[in-house]
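# Secondary and tertiary structure notes
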Amino acid sequence: MKLLRLLANLGYGSRKEVAWLFREGRVTDLDGEVLYADDRVPHGQVRLDGEPLDPAPGLVLMLHKPVGYTCSTRDPGRVIYDLLPPRFRLRSPILSSVGRLDRETSGLLLMTDDGQLLHRIVSPKAAVAKTYAAALAEDLRGDEAASFASGTLMLDGEDTPLAPAQLEVTGPRSARLTLTEGRYHQVRRMFAAVGNHVEALHRPQVGALTLGDLPEGAWRLLGEADLARVFSEA
Ligand code: URA
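Quick summary incoming for the structure in this document. Quick caveat: nothing in here was measured; it's all calculated off a predicted structure.

### Notes on the side chain of His64
Considering the arrangement of structural elements, one finds His64 in strand β4 (residues 60-65). Apart from the residues within four sequence positions on either side, His64 is in contact with Gly107, His202, Leu211, Leu214, Pro215, Glu216, Gly217 and Ala218.

Rendered as structure tokens:
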């Protein structure tokens, strides 16, 4: 791929804007030799103002999503892209979230520009486990774990039962719930189905990958070992 297109696809600007970067001699190789818009040079050997380029396509990251941000590119309020470098919103292929977390839910959100990987993670066949910590409005009754594990629980307005999910009670009004599906507002609706109400919801883990000490609002690139954890048992 010609460098003009490579940089435009990474979100460094429109083709016209990127063309200026070349004219100004700001794009170089590792030895500082000026590169040109029509050159074809591997991504890793290109520098802009002496700095390596943003990651090449195939980018996978995890974001510690705070409450109050929407998983959308356009929304009148705050969106997850506000937490990433502005260029990431302009990349082609587009950087998308892998599934969604509600605006009021915090936690581990994967994002990638690799469509195949995204589908592998969300595919029901992969049954990637998502773990949630819920704070509840009412005391747990004691029968919720059996109900969630039954494989027969139906959500309002749906016609197929939920796959079995695992509930671990962590306090009178708190629990960890591990699911392999990703239905709309699933955790909130599951607790509503057993007469409770979720007051706060956080996702600390996807597969065996955890947020670790990633601060709220921060993100980090994932490598092969992290990805293998996504597909490992929780
Ligand atoms: N279930 C919910 O209810 N909300 C989320 O954000 C994720 C799962």
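What follows continues from the structure just given.
### Brief notes about the site of the ligand
Taken together, Leu101, Asp102, Thr105, Tyr132, His185, Gln186, Val187, Arg188 and Leu201 make up all the residues around the ligand. Taking Asp102, its main chain carries an N or O atom lying 2.8 Å from an oxygen atom of the ligand. One of the side-chain nitrogen or oxygen atoms of Thr105 is found 3.1 Å away from an oxygen atom of the ligand. If the ligand stood free it would expose 240 Å²; the protein chains cover 95% of that surface. It is helix α5 (residues 186-193) that provides the largest number of residues to the shell around the ligand, a total of three residues. Its residues assigned to classes, the shell around the ligand comprises four nonpolar, three polar and two charged. Structurally, the shell around the ligand is a two-domain feature, drawing no fewer than three residues from each of domain 2 (60-124 + 210-230) and domain 3 (130-206).

### With respect to the sheet that holds strand β3 (residues 51-52)
In spatial order, the strands read β1-β2-β3; together these three strands make up an open sheet with antiparallel pairing. Where the open sheet ends on each side, the last strands, each with one partner, are β1 (27-28) and β3.

### A short note on helix α2 (residues 15-23)
Restricting attention to buried positions, one finds in α2 the residues Val18, Ala19, Leu21 and Phe22. Buried residues along α2 cover an arc of 150° about the axis, so they all sit on one side. Every exposed residue of α2 that faces more than 90 degrees away from the buried side is listed here: Lys16 and Arg23. Turning to α2, the residues buried within the fold contact α1 (3-9), β1 and β2 (47-48). Phi turns positive, to about 75°, at Gly25, one or two residues after α2.

Calculation criteria
- Residues numbered from 1 in each chain as written.
- Predicted model: local features only at pLDDT ≥ 70, side-chain atom pairs only at ≥ 80, totals over all residues.
- Heavy atoms only, no water.
- Helix = DSSP H or I, 4+ residues; strand = E, 2+ residues; numbered from the N terminus.
- Contact = heavy atoms within 4.5 Å.
- Near = heavy atom within 4 Å.
- Polar contact = N/O pair within 3.5 Å; in protein donor to acceptor, adjacent residues only side chain to side chain.
- Areas by Shrake-Rupley, 256 points an atom, 1.4 Å probe, with all protein chains shown as cover.
- Nonpolar A, V, L, I, M, F, W, Y, C, P; charged D, E, K, R; others polar.
- Domains from an automatic or database assignment.
- Pairing = 2+ DSSP bridges.
- Buried < 20%, exposed > 50% of the residue type's maximum accessible area, 1.4 Å probe, protein only.
- Arc of directions from axis to C-beta.

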